[in-house]
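A look at the structure
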Amino acid sequence: MKFFVDTADTAEIRDLAESGLVDGVTTNPSLIHKSGRKFLEVVEEICSITPGPVSAEVVALDHETMMKEAEVLRRIADNVAIKVPLTIEGLKTCKALTGDGTMVNVTLCFSANQALLAAKAGASFISPFVGRHDDIGFDGMRLIEDIRLIYDNYMFDTEILVASVRHPVHILEAAKLGADVMTAPPKVIRQLVNHPLTDKGIEGFLADWGKTGQTIG
């Protein structure tokens, strides 16, 4: 399963990339606002950090203007994936862009039917929001399970990009269900490494090493 980082904080992306944990990046208008930086500059910098897909979202709601915005965004770098909402206008834009060889991430997916439409429109990625689904009393991971089944039934090439990831259990369940990609905030990705027995083991080894009176080097 590929790991995308859901942030516009380039320092965080660089740090995680040094660990080999960045296969791509997702951004959205809210993350750009949080960064306090100019949208196009941030996307360009992110694209220079990772060769993987970098999702940059259009903000128009009609197909014609989405296409104009997409043209600006895809000129930034070859690894830009245009992010469009799961609406009829967004699907039109998806079809046009993927037909021209541009990666498209269809976002704000909350049902398997929506995911089916995105795949038929040729989406490179579909982004089901599991955390927001959980927030209103539904099982977000059941949505991933349904999409995986449908995509496998019909051998769609669209990759399932699990989004709105809130905690490590979401990542574990996504991996078990065969999701292609997950995107999560840097904090959640770092939480994956935490385990009290690992910490206890290090503490014990260092204590015993100190008693030897030795150094390395």
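Residues numbered from 1 in each chain as written. Predicted model: local features only at pLDDT ≥ 70, side-chain atom pairs only at ≥ 80, totals over all residues. Heavy atoms only, no water.

An unreviewed UniProt entry annotates the chain as Probable transaldolase of Stakelama flava. The chain has a UniProt comment under Pathway (unreviewed entry) that states "Carbohydrate degradation; pentose phosphate pathway; D-glyceraldehyde 3-phosphate and beta-D-fructose 6-phosphate from D-ribose 5-phosphate and D-xylulose 5-phosphate (non-oxidative stage): step 2/3." (UniProt positions renumbered as here; feature names shortened; annotations may be inferred.)

**Topic: the pattern of salt bridges**
A full pass over the atoms with the stated rule returns 17 salt bridges. Among the salt bridges present, the one from Lys2 reaches Glu159, with a minimum N-O distance of 2.8 Å. Of this pair, Lys2 sits in strand E1 (residues 2–6) while Glu159 sits in strand E7 (residues 159–162); the two residues are 157 residues apart in sequence, bridging distant segments of the chain. Here Asp146 ties to Arg142 by a salt bridge, and the two come within 3.5 Å at their closest N and O atoms. Placement of both Asp146 and Arg142 in helix H8 (residues 140–154) is noted, with a separation of four residues, approximately one turn of the helix. Residues joined by salt bridges that share partners form a network here, namely Glu71, Arg74, Arg75 and Asp100. (Salt bridge = Lys/Arg side-chain N within 4 Å of Asp/Glu carboxyl O. Helix = DSSP H or I, 4+ residues; strand = E, 2+ residues; numbered from the N terminus.)

**Digging into the pairing of strand E6 (residues 125–128)**
Of the two faces of E6, the one holding Phe125 and Ser127 and the one holding Ile126 and Pro128 are both buried throughout. Across three bridges, the pairing between strand E5 (residues 104–109) and E6 is parallel. Across the sheet, the residue bridging to Cys109 is Pro128, located in E6. As a crossover connection, the stretch from E5 through helix H6 (residues 112–120) into E6 is right-handed. (Buried < 20%, exposed > 50% of the residue type's maximum accessible area, 1.4 Å probe, protein only. Pairing = 2+ DSSP bridges. Right-handed = clockwise from strand over helix to strand, strands pointing away.)

**Remarks on the sheet that holds strand E4 (residues 80–85)**
Pairing is parallel in the closed barrel, where eight strands are placed in the order E1-E2-E3-E4-E5-E6-E7-E8. Neighbour to neighbour, the strand axes of the sheet diverge by 30° on average, direction disregarded. Bridge count for E4 against E5 is four bridges, and the pairing is parallel. Residue pairing for E5: Ile82 is matched across the bridge by Val104. (Axes fitted to C-alpha atoms, helices over the stretch in contact; angles between N-to-C directions.)

**Things to note about helix H5 (residues 88–99)**
Compared with the 16 Å implied by 1.5 Å per residue over 12 residues, the 17 Å span of H5 between its first and last C-alpha is a close match. Gly90, Leu91, Thr93, Cys94 and Leu97 are the residues of H5 that are buried. The buried residues of H5 occupy an angular sector of 160° when projected down its axis, which confines them to one face. Among the exposed residues of H5, those oriented more than 90 degrees off its buried face are Ile88, Lys95 and Gly99. Those residues of H5 hidden inside the fold are in contact with helix H4 (63–74), E4, E5 and H6. One or two positions beyond H5, positive phi appears at Gly101, with a value near 90°. (Expected span 1.5 Å × (residues − 1). Arc of directions from axis to C-beta. Contact = heavy atoms within 4.5 Å.)

**Observations concerning the UniProt feature "active site" (unreviewed entry) in the chain**
Mapped onto this structure's residue numbering, the UniProt feature "active site" (unreviewed entry) falls at Lys83. With residues near it in sequence (within four places) discarded, Lys83 still touches Thr26, Thr27, Asn28, Ser55, Ala56, Glu57, Val58, Asn105 and Thr107. Reaching out from Lys83, the side chain makes a polar contact with the backbone oxygen of Thr27 at a distance of 2.9 Å. (Polar contact = N/O pair within 3.5 Å; in protein donor to acceptor, adjacent residues only side chain to side chain.)

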